[in-house]
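Fold and contact review
One-letter residues, chain by chain:
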There are 2 protein chains.
Amino acid sequence: MIKIALGQFEIKPGHPDLNTNRMLEMIQSAKESKADLIVFPEMAIPGYLIGDTWEQNAFLRDCEYYGKKIIAASDTIAIMFGNIAVDWTKKNTDGRVRKYNAFFTAYKKNLIQSPASPYPFIIKTLQPNYRAFDEERHFFSLPKLADELKTDIADLTSPIDLCLNEQTLRIGCLLCEDAWSDDYTFTPLALINKNHDVDLFINISNSPYTLGKNNKRNRVFSSHAKSNNAPFIYVNNIGIQNNGKTIYTFDGSSTVYDANGKIIAMNEPYTNQLNIVGIPLEGEPSLPAIKVNEDTDIANIYTALRYGIKNFLQDIHMEKVVIGISGGIDSAVAAALYASILPPENVLLVNMPSIYNSNTTKDLAQDLAKNLKCLYTIMPIQDSVDTTVNQIKTTPIQNLSNNTTFYLDVSSFVTENIQARDRSARVLAGIAASFGGGFTCNANKSETTVGYSTLYGDQSGFLAALADLWKFQIYDLAYYLNQVIYKREVIPQETIDIVPSAELSSNQCVDEGKGDPIKYPYHDYLFRAFCEHWNRATPEDILTWYKEDLLEEKLSCEKGLIQKYFSTNKEFIDDLERWWNLYSGIAVAKRIQAPPILAISRRAYGFDHREAQNGAYYTAQYRALKKELLK
Amino acid sequence: MIKIALGQFEIKPGHPDLNTNRMLEMIQSAKESKADLIVFPEMAIPGYLIGDTWEQNAFLRDCEYYGKKIIAASDTIAIMFGNIAVDWTKKNTDGRVRKYNAFFTAYKKNLIQSPASPYPFIIKTLQPNYRAFDEERHFFSLPKLADELKTDIADLTSPIDLCLNEQTLRIGCLLCEDAWSDDYTFTPLALINKNHDVDLFINISNSPYTLGKNNKRNRVFSSHAKSNNAPFIYVNNIGIQNNGKTIYTFDGSSTVYDANGKIIAMNEPYTNQLNIVGIPLEGEPSLPAIKVNEDTDIANIYTALRYGIKNFLQDIHMEKVVIGISGGIDSAVAAALYASILPPENVLLVNMPSIYNSNTTKDLAQDLAKNLKCLYTIMPIQDSVDTTVNQIKTTPIQNLSNNTTFYLDVSSFVTENIQARDRSARVLAGIAASFGGGFTCNANKSETTVGYSTLYGDQSGFLAALADLWKFQIYDLAYYLNQVIYKREVIPQETIDIVPSAELSSNQCVDEGKGDPIKYPYHDYLFRAFCEHWNRATPEDILTWYKEDLLEEKLSCEKGLIQKYFSTNKEFIDDLERWWNLYSGIAVAKRIQAPPILAISRRAYGFDHREAQNGAYYTAQYRALKKELLK
């Protein structure tokens, strides 16, 4: 039995000084608890998502400096931690200095080296380059080093020997992705275990929360432990990290799997926690399995959103928010969500009616504010909108090449967008600055997918906390907030029941049931196929499935919807092309200028889902299919 | 002598159908001109910057389909072209289908294979992963394949034998980065030439314009030709490509270097051009060198800007623009630039004075409009700004937890930003929609670096065409527009002479010489060191250079400025920290929501310069230095 402390802590990316202080505190506690070894996450000192800060040599030297402080603290305890490792004598493939994503083991103030490695640290073998991950951009991977040294990669990954508590343990060291090798040419676990009898695997990670990922990890890592007949310890960090456009939460959930693959310890998610676990080694009696909560999806989502928002507000030093509430579902959910995080006097709800807003929604906005007991105000926009429309219509435009003048016309569509911008860029931005806070963007993922929003209008704000949730998840969250968080109807049931509508013209009247052009029960799933499916669906795929009557099954939407919504092939195709054109066209332009999005799904817009403003494209096969179906 | 056609054409990224049609037209012309071989750029069929569209299998199949059309056209001419190559039986490291960035050679309707390669195409060896490049994210590189096959990489890169005009040529095939190997472990040129006597090297590229890159390429590629004693042909595309946040121009400039390294042919930059060149082979008389224009920097910049703007407008189907003109330098340059691209009746200039705008600048705006003979209007904002300020100040805020009310105060700083948003999000956006166009963002790189702008105000627009130019380059461009493009003073000299000022408060009065807080002659160069220097400078580097009296030299700014601007160490440090805090803090938040930026420099903001919203950081060494200097 050895006592291992799982050092799950909140990493502040780009702040080695703060991270090191937290680590030193945890090391002190672990020493006091007589732990043999303390393990910290991958990149514990620098943090992980720091953009191109890796190109600042002063920052790299600083990480080395703080790394030495951690090593110096290893007098009476072994310490494992992730840090950037720099070889100042060699080049990266970008021509800058050589950097490794490295796993350090320090004991008695010395680093412990793997026998055949040229360096006193273990180098990451598998570097992810999908979603938000850009490791090849900055770090030199172990396969590249093996090539350069003309060495067998297995020699460079061999386990380290660590003498703890009077026994020598052979430890296999893994960095995050190294234990997720299904899609790679190398299988680090097999390489490590090739010629060695590993006593224990330790995986240090810096792994963002993604809906459904924890269940999968438990399956994969449990199987690693079992098939290698050795305990497997996973240490992950908490906190939030971002790459500008996309903000990730890190849930920690550090876990110990015993040699049978049983989970015998798990840190609380999203909690700073030094968890000291006695690990039974070969021949020692095993510990009972612990129960792992299978939270419902929406509870997990709420926890991640709450943590992400709370931490983001702290990081940008924002204590107050302003939320425009229309009486509709998205802004109501945003209000209830923020009001569950901030004190009510720091949440200012603003209703901004024009002539197109119904008494129904105005009353619902007021009810919501009362239920949440937040600050509330009503700032009508009609006068200002009229002023803008009149100013544009009545100010002469001079043509200076022929000295004539003319006037611009303002269409009703243009007036819709003027209203949206008046609300956000004029009222909310002005109020937020006066109130000393920021204003929120309440967009959901469905409208973000097709740009059903106004730039500098409802598409603006300091954070789009709900923009990785489909409309059906917004409704789920509404129920969850009422039933579980508030335990009363803070979001009025009528807000849930009315048709979702922008109320920007007389064609969008909720009382007459005139709502959004998005048919959420179908389009939520269609849009999801465009952006979240593993093999991204295009009109060619959709039309093929439609033709083969497989569409509802492939999209996992309700049966019968296609027939309900579309009576002819032409109607179906027109609808498909309408949304695909928007998704690939103007919606990209809007996403380029959208606020940061809090990531929940396996594919969030922004840096996670990279895109170019190249316009819609239809393959030759799609065009042939379409022709056939329209014959 | 063989006749090679350099197929330099405008690639439309993400549109294989259009690209293939253009290629087929050029192939037809080349056949009519009896060329032996036609060479197209890298990724000629799909285009290169297409975000994660590579994850759409339907798109990949479409690229294969169009590739076959090109191969079918090779009956009487050899064709070399770049395309994505898919191995549907293997996996990429992201778990999706295996994709190669490939170089195809087709002749007599067959593909010509390199002897030891398992595929009928050449695979890119060096995949760039810096700046805007993300090749490891999608493409499986040749070194990885060599590892997988346990083959020597040299075997996989061996030249192809192509029998043309009754002689067999041994051709070394390179994809773009393969010829820029200084920073890599592999040197493809050396590998190709290892056991073979190569007659000719052909490099197909998809290489964006960067200020100063063409001169460097001519040095490097000329040296390749000379040291290998073989002609070297470089074929690059034209057009624009983007990855959302950043837009690149591609200048083509396809070039033929003879076996002595002399440039014997070069395509016109930014021009669709089938250039048919007779290439002297070993023993044949050499051709005279052609003169390569060494354009001045600002002429190059103007050409790139003009081309980029013109093409971007076409791509997004925008024919008209609205430009807010203040009488200041940035908007004047923007107006003169756009007016040199679009007909004057499609350019609407708008002056939007408040009480803080001087007669000086109002008159200058009018003079500019008259000089350019564009459309012009004056839409004052003071009434609307007063309305907004009053509405916010006089509307009661209800506290629904205790049923009290209070009022918000609107500070003069908040009023500054209200003015900026009123101009852009209210007036310009409304006018642009009514006019049927977009409005421009006139921000330069200096203010973009430190966020000296208002979000949803002057930071907004459909394109930030000048945001990769430092303030000194804006002035250079003003002179260039007057002297070379218009050959008269369209930008009034007084606009160039007055202090740059936002005119948003009485503290920013141009008539009293009260301008921006940015001291451009020094800060332009300081900011450039933060973001454009190869090893990115941080306060630690700046303070070290300051202490050692090396700062002006390291920054390449004017001598004597530091002494002129700062009388004490404290003043210097306060200034440094002020800008570093902004650069790493609020400016990141603003850049996240900024419009796309047209890239000119070696490091443009956006996708080229990745960053996280992590706040400012100061290294331990910086803090020690600062302490020492403030002692």
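Conventions we followed
Residues numbered from 1 in each chain as written. Chains lettered and ligands numbered in written order. Predicted model: local features only at pLDDT ≥ 70, side-chain atom pairs only at ≥ 80, totals over all residues. Heavy atoms only, no water. Helix = DSSP H or I, 4+ residues; strand = E, 2+ residues; numbered from the N terminus. Rg over C-alpha atoms; globule rule 2.2 N^0.38 Å. Buried < 20%, exposed > 50% of the residue type's maximum accessible area, 1.4 Å probe, protein only. Least-squares fit on C-alpha atoms with pLDDT ≥ 70 in both. Contact = heavy atoms within 4.5 Å. Buried area = accessible area lost by both parts, 1.4 Å probe. Salt bridge = Lys/Arg side-chain N within 4 Å of Asp/Glu carboxyl O. Nonpolar A, V, L, I, M, F, W, Y, C, P; charged D, E, K, R; others polar. Expected span 1.5 Å × (residues − 1). Phe/Tyr/Trp six-rings, centres within 6.5 Å; stacked < 30°, edge-to-face > 60°. Lys NZ or Arg CZ within 6 Å of the ring centre and 35° of its normal. Pairing = 2+ DSSP bridges. Axes fitted to C-alpha atoms, helices over the stretch in contact; angles between N-to-C directions. Patch = residues over 30% accessible without salt bridge, like charges linked within 9 Å, V, L, I, M, F, W, Y side chains within 5 Å. Areas by Shrake-Rupley, 256 points an atom, 1.4 Å probe, with all protein chains shown as cover. Lys, Arg positive; Asp, Glu negative; His and termini not counted. Charge placed at Lys NZ, Arg CZ, Asp CG, Glu CD. Domains from an automatic or database assignment. Polar contact = N/O pair within 3.5 Å; in protein donor to acceptor, adjacent residues only side chain to side chain.

Considerations on the overall build of chain A
If you tally the helices and strands in chain A, you get 22 helices and 22 strands. Computed over its C-alpha atoms, the radius of gyration of chain A comes to 28 Å, within 12% of the 25 Å expected for a compact globule of 631 residues. Expressed along its principal axes, the backbone C-alpha trace of chain A runs to roughly 85 × 60 × 60 Å. By the burial criterion, 66% of the 631 residues in chain A qualify as buried.

Here we look at the relation of the copies chain A and chain B
Superposition record for chain A on chain B: RMSD 0.0 Å, screw rotation 180°, translation along axis 0.0 Å. What we have between these two chains is a two-fold relation. For chain A, the minimum C-alpha distance to the rotation axis belongs to Gln-593 of chain A and amounts to 2.1 Å. Most of the interface of chain A is mirrored in chain B, where 100% of its interface residues are also at the interface.

Observations concerning the environment of Asp-383 of chain B
As for its placement among the helices and strands, Asp-383 of chain B is situated in helix H11 (residues 382-394). Between the C-alpha atom of Asp-383 of chain B and that of Ser-354 of chain B, which follows or precedes it by 29 residues, the distance is 8.6 Å.

Remarks on the interface of chain A and chain B
Counting residues at the interface gives 115 residues for chain A, matched by 116 residues for chain B. Where chain A abuts chain B, roughly 9700 Å² becomes buried across the two surfaces, and 53% of that area is made up of carbon and sulfur atoms. The three residues of chain A that bury the most area against chain B are Arg-137, Leu-400 and Tyr-617 of chain A, which together make up 7% of that side's buried surface. In this structure, Asp-17 of chain B engages Arg-623 of chain A in a salt bridge whose closest nitrogen and oxygen atoms are separated by 3.3 Å. Top element by residues in the side of chain A that touches chain B is helix H12 (residues 412-435) of chain A. It accounts for twelve residues. Taken together, the residues that form the side of chain A that touches chain B break down as 52 nonpolar, 33 polar and 30 charged.

Some remarks on helix H1 (residues 16-32) of chain B
Residue and element names in this part refer to chain B. Here H1 contains 17 residues, and its C-alpha end-to-end distance of 24 Å stays within 8% of the 24 Å for a straight helix at 1.5 Å per residue. Within H1 the residues assigned to the buried category are Pro-16, Asp-17, Asn-19, Thr-20, Met-23, Met-26, Ile-27 and Ala-30. Lys-34 lies just past H1 and shows a positive phi near 60°.

Some words on the side chain of Ser-354 of chain B
All names here are of chain B. Its place among the elements puts Ser-354 in the loop between strand E17 (347-351) and helix H10 (359-372). Given a relative accessible area of 5%, Ser-354 falls into the buried group. With residues near it in sequence (within four places) discarded, Ser-354 still touches Ile-381, Gln-382, Gln-419, Arg-423 and Glu-503.

Overview of the packing of aromatic side chains
In total, this model carries 74 aromatic pairs over all chains according to the counting rule given. Between Tyr-130 of chain B and Phe-133 of chain B the ring centres are 5.5 Å apart and the planes differ by 90°, which places this aromatic pair in the edge-to-face class. The class of Phe-133 of chain B is buried, set by a relative accessible area of 11%. Clustering of aromatic rings is evident, with ring pairs tying together Phe-81, Tyr-100, Phe-104, Tyr-119, Phe-121 and Phe-140 of chain A. In this arrangement the basic side chain of Arg-591 of chain A is found over the ring face of Tyr-605 of chain A, its NZ or CZ atom lying 4.3 Å from the centre.

As for the sheet that holds strand E11 (residues 238-242) of chain B
Residue and element names in this part refer to chain B. Read across the sheet, three strands follow the order E11-E12-E22 without closing on themselves; strand pairing throughout is mixed. One side of each edge strand has no neighbouring strand; the edge strands of this open sheet are E11 and strand E22 (597-598). Pairing analysis gives five bridges linking E11 to strand E12 (residues 246-251), with the strands arranged antiparallel. Bridging from a neighbouring strand, Ile-240 pairs with Thr-249 of E12. Running over the sheet, helix H8 (residues 297-315) touches E11, E12 and E22 and is turned about 70° from E11.

Points about the pattern of salt bridges
Using the criterion set out here, one finds 70 salt bridges over all chains in the structure. A salt bridge links Glu-55 of chain B to Arg-96 of chain B; its shortest N-O distance comes to 3.5 Å. Of this pair, Glu-55 of chain B sits in the loop between strand E2 (37-39) and helix H2 (57-72) while Arg-96 of chain B sits in the loop between strand E3 (78-91) and strand E4 (97-107); the two residues are 41 residues apart in sequence, bridging distant segments of the chain. Take Glu-55 of chain B and Arg-96 of chain B: they sit in the same class, and that class is buried. Here the salt bridges share partners, and the residues they tie into one network are Asp-52, Glu-55, Asp-94, Arg-96 and Arg-137 of chain A together with Arg-131, Arg-536, Arg-603 and Asp-608 of chain B.

Section: the pairing of strand E3 (residues 78-91) of chain A
Residues and elements named next belong to chain A. With ten of 14 residues buried, E3 is to be regarded as a mostly interior element. Summarising the sheet, strand E2 (residues 37-39) and E3 pair through three bridges and their orientation is parallel. Bridge pairing in E3 links Val-39 to Met-80. Two strands pair when backbone bridges link them, and E3 and strand E4 (residues 97-107) are joined in this way by ten bridges, in the antiparallel orientation.

Digging into a negative patch on the surface
All names here are of chain A. Taken together, the side chains of Asp-363, Asp-367, Glu-489, Glu-494, Asp-497 and Asp-511 define an acidic patch exposed on the protein surface. When contributions to the negative patch are tallied by element, the ones reaching two or more residues are helix H10 (359-372) and helix H15 (493-497). Tracing the sequence through the fold places Asp-497 in helix H15.

A few points about the sheet that holds strand E10 (residues 232-235) of chain B
All names here are of chain B. One open sheet accounts for six strands, arranged E7-E8-E9-E10-E13-E14; its pairing is mixed. Edge positions in the open sheet fall to strand E7 (160-164) and strand E14 (263-266), since each of these has one partner strand only. Mean inter-strand twist for the sheet, computed between neighbouring axes without regard to direction, equals 25°. Taken together, the three bridges between strand E13 (residues 255-257) and E14 define a ladder with antiparallel strand orientation. Across the sheet, Tyr-257 pairs through a bridge with Ile-263, a residue of E14.

Looking at unusual backbone geometry
All names here are of chain B. A positive phi angle is found at Lys-108, which is not glycine, with a value near 50°. With respect to the helices and strands, the residue Lys-108 is situated in the loop between E4 and strand E5 (110-111). Positioned with a positive phi, Asn-165 is a non-glycine residue whose angle comes to about 55°. Using a relative accessible area of 47% as the deciding quantity, one classes Asn-165 as partly exposed.

Observations concerning the domain arrangement of chain A
Often, the extent of an interface is quoted as the loss of accessible area on bringing the components together. Residues and elements named next belong to chain A. Examined at the domain level, chain A breaks down into domain 1 (2-294), domain 2 (297-515) and domain 3 (519-631). Of note, the centres of domain 1 and domain 2, computed from C-alpha atoms alone, are 43 Å apart. With eleven residues of domain 1 in contact, the opposing surface of domain 2 contributes twelve residues. Together domain 1 and domain 2 conceal approximately 970 Å² of surface at their shared face, both sides included; 69% is due to carbon and sulfur atoms. A per-residue breakdown of the area domain 1 buries against domain 2 is headed by Leu-211, Ile-240 and Tyr-270, which together make up 50% of the total. The tally of links between domain 1 and domain 2 comes to one salt bridge. Asp-315 is the partner of Lys-12 in a salt bridge, and the nearest nitrogen-oxygen pair spans 2.4 Å. Scanning the region where domain 1 abuts domain 2 turns up two residue pairs in polar contact (both at pLDDT 80 or more). Among the elements of the structure, strand E11 (238-242) and strand E12 (246-251) are those that each provide at least two residues to the side of domain 1 that touches domain 2. Looking at the side of domain 1 that touches domain 2 residue by residue, the class counts come to seven nonpolar, two polar and two charged.

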